[in-house]
Amino acid sequence: MRVARLHAIGDVRVAQEPRPVTGPGESLVRVTAIGLCGSDLHWFAQGGIGDAQLTRPLVLGHEFAGVVEGGPLDGQRVAVDPARPCGACEQCLEGNRNLCPTVGFAGHGANDGGLREYVAWPTELLHAVPTSLSDADAAMLEPLGVAVHAHDLGKPRIGAAVAVIGCGPIGLCLVQLARAGGAITVVAVEPLAHRRAAAAAMGADVVLDADAPDIEAQILAATGGRGVDVAFEAAGNDAAVGLAVGAARPGGRVILAGIPDRDDTSFPASVARRKGLTIKLSRRMKEVYRRSIALAAAGRVDVASVVSHTFGLDRAGEAFAVASDRVGLKVIVAPTS
């Protein structure tokens, strides 16, 4: 089978490798679509994320879907949950599997991901998808799940004012979730014009340029000077975090979903303290695939519109270059195309 591995910063190579053999409790999945995530771009451009660094050629990709070949689920189209928690630690037993200290995560550290033609994966982590969803839609269920978890942490009430700062794929999903969740005002903030246009098309009431010198004043003006009840930061930089803190109303919430290039984040502490803000960091997701599938299947979140480019597996290096340049939205790699 063909496999795309990251050998060094910016160095993705496609080669032939043996097809994986399933172990106990696993199914063989023929991969049909893989989305390139911002975290994949950190590996591609920086050779790692935080203290996890590239030590051997790694198969990236954790947003993937496919078709089961063999076993009781033979022929079933599935979305793949990329997280393999231990299931026995305190965090897992509390229902916080996303916080498992020993979780194995596809395309991270020593764990190969989905940028290959076949994977062997735990059957219990495969989620059946309806025929109404395309292969790319099914791959998008993972970033949608990340957005659903962040939205859960924000707890916006019906009639709330919400800001989404950073309108990449997860930010665009958050815009749609805020609208579906009953927010009365959704403010989208993004420096790239084509992503601002996408945010407007997906339901944002107010769309603003993050690079505007008076951006915080513009957000406050959009909410009658009050500020937003919940600010979702999905950009991964200190400017976006600071803007989220400045945009939130006193007593509001700030949810940090972006991954920074460096292993640190800063924000205006005096502003956050005076406002008494609740600041939460969002890590991956809990058990939200069922809701994500239902939202996508019902059209409450239009995941197809978030996909802008599709490449075959042999063009994986080109796919990473396009994703890194942020000339579109979500880049999908389709091994069978």
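Rules used throughout
- Each residue is numbered by its place in its chain's sequence as written, counting from 1.
- Local features in this predicted model are restricted to residues of pLDDT 70 or higher, and side-chain atom pairs are both shown and tallied only at a pLDDT of 80 or more, whereas totals for entire chains, interfaces and linings draw on every residue.
- For the side-chain quantities, the full set of heavy atoms in the structure was used; hydrogens and water were omitted.
- UniProt positions are given in the numbering used here, feature names are shortened, and annotations may be inferred rather than shown by experiment.
- Whenever Lys or Arg places a side-chain nitrogen within 4 Å of a carboxyl oxygen from Asp or Glu, that contact is recorded as a salt bridge.
- Note on aromatic contacts: the rings of Phe and Tyr and the six-membered ring of Trp form a pair at centre separations within 6.5 Å, being stacked when their planes are under 30 degrees apart, edge-to-face when over 60 apart, and tilted otherwise.
- Every helix listed is a DSSP run of H or I at least four residues long, and every strand listed is a run of E at least two residues long, numbered separately from the N terminus.
- Relative accessible area decides the class of each residue, using a 1.4 Å probe on protein chains only: under 20% of the type maximum gives buried, over 50% gives exposed, and in between gives partly exposed.
- DSSP calls a pair of strands paired once it identifies at least 2 bridges connecting them.

An unreviewed UniProt entry lists the chain under the name Zinc-binding dehydrogenase, with Pengzhenrongella sicca given as the organism. For the record of the chain, the UniProt heading Sequence similarities (unreviewed entry) holds the text "Belongs to the zinc-containing alcohol dehydrogenase family." Heading Cofactor (unreviewed entry) of the UniProt record for the chain holds this comment: "Zn(2+)".

Undergrad: What is the right way to look at the pattern of salt bridges in this model?
TA: When the charged atoms of two side chains with opposite charge come close together, those side chains can pair. The tally for this structure, following the rule as stated, stands at 20 salt bridges. Among the charged side chains, a network of salt bridges with common partners joins Arg5, Glu17, Arg56 and Asp112.

Undergrad: What is the right way to look at the packing of aromatic side chains in this model?
TA: The geometry of an aromatic ring pair comes down to the distance between the two centres and the angle between the two planes. Counting across every chain of the model gives 2 aromatic pairs. Between Phe44 and Phe320 the ring centres are 4.9 Å apart and the planes differ by 20°, which places this aromatic pair in the stacked class. With a gap of 276 residues between them, Phe44 in helix 1 (residues 38-46) and Phe320 in helix 10 (residues 316-325) connect regions that are remote in the sequence. Taking relative accessible area as the criterion, Phe320 reaches 1% and is therefore assigned buried. An angle of 80° between the planes, with centres 5.9 Å apart, marks the rings of Phe64 and Trp121 as edge-to-face.

Undergrad: What's the story with the pairing of strand 1 (residues 2-8) in this structure? I'm lost.
TA: Remark: a regular strand shows side chains that alternate across the two faces of the sheet. For strand 1, the buried fraction is high: 5 of the 7 residues fall into the buried class. Where strand 1 lies against strand 2 (residues 11-16), 6 bridges are found, and the strand directions are antiparallel. Bridge pairing in strand 2 places Arg2 opposite Gln16.

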